[in-house]
Amino acid sequence: MSGPRMTLPTQLVLHELMSDPAREMYGLEICAAAGLPSGTIHPILARLEKVGWLRSRWEEVDPSEQGRPRRRYYSLDPDSIAAVRAALRRAKVSSQALARLRPGLAGER
């Protein structure tokens with residue numbers, strides 16, 4: 001299973017999901033936890049789902065009764081947890097190597 005490009009926002013999303021791999025989180029909850037805007041999170045979630053690292057489901061509620069739109073919940077696919085861990089580890093190593101080669105660059109945005 002090949003993974004997505006490991007941008008810093010992608011890593012932040014994956015770190016949040018890996019904090020409790022069995023937990024389901026909805027999009028805005030992930031936004032708040034990762035400290036990223038909705039416009040950044042949702043494309044990342046779509047890519048992670050496309051490569052098979054995430055599952056999603058729509059909650060089964062009546063939006064008019066809840067007074068809000070239905071939420072889409074995301075969780076890590078149990079079969080992908082080892083691949084996610086390995087990708088995060090590689091990303092960390094890459095970041096550390098970049099910092100050694102060009103001090104100050106790895107932490108800049």
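Residues numbered from 1 in each chain as written. Predicted model: local features only at pLDDT ≥ 70, side-chain atom pairs only at ≥ 80, totals over all residues. Heavy atoms only, no water.

Q: Quick rundown of the environment of Arg70? Include the residues and the values.
A: By the element assignment, Arg70 lies in the loop between helix 4 (63-66) and strand 3 (72-76). It is 9.9 Å that separates the C-alpha atoms of Arg70 and Tyr26, two residues lying 44 residues apart in sequence. Contact partners of Arg70, with chain neighbours within four places excluded, come to Trp58, Glu59, Val61 and Pro63. (Helix = DSSP H or I, 4+ residues; strand = E, 2+ residues; numbered from the N terminus. Contact = heavy atoms within 4.5 Å.)

Q: Residue-level account of helix 2 (residues 27-34), with values.
A: All buried positions along helix 2 are accounted for by Gly27, Ile30, Cys31 and Ala34. In an axial view of helix 2, the angular spread of the buried residues amounts to 105 degrees, which keeps them on one side of the axis. What points out from helix 2, more than 90 degrees from its buried face, is the exposed set Leu28 and Ala32. On its buried face, helix 2 is in contact with helix 1 (8-18), strand 1 (25-26), helix 3 (38-50) and strand 3. (Buried < 20%, exposed > 50% of the residue type's maximum accessible area, 1.4 Å probe, protein only. Arc of directions from axis to C-beta.)

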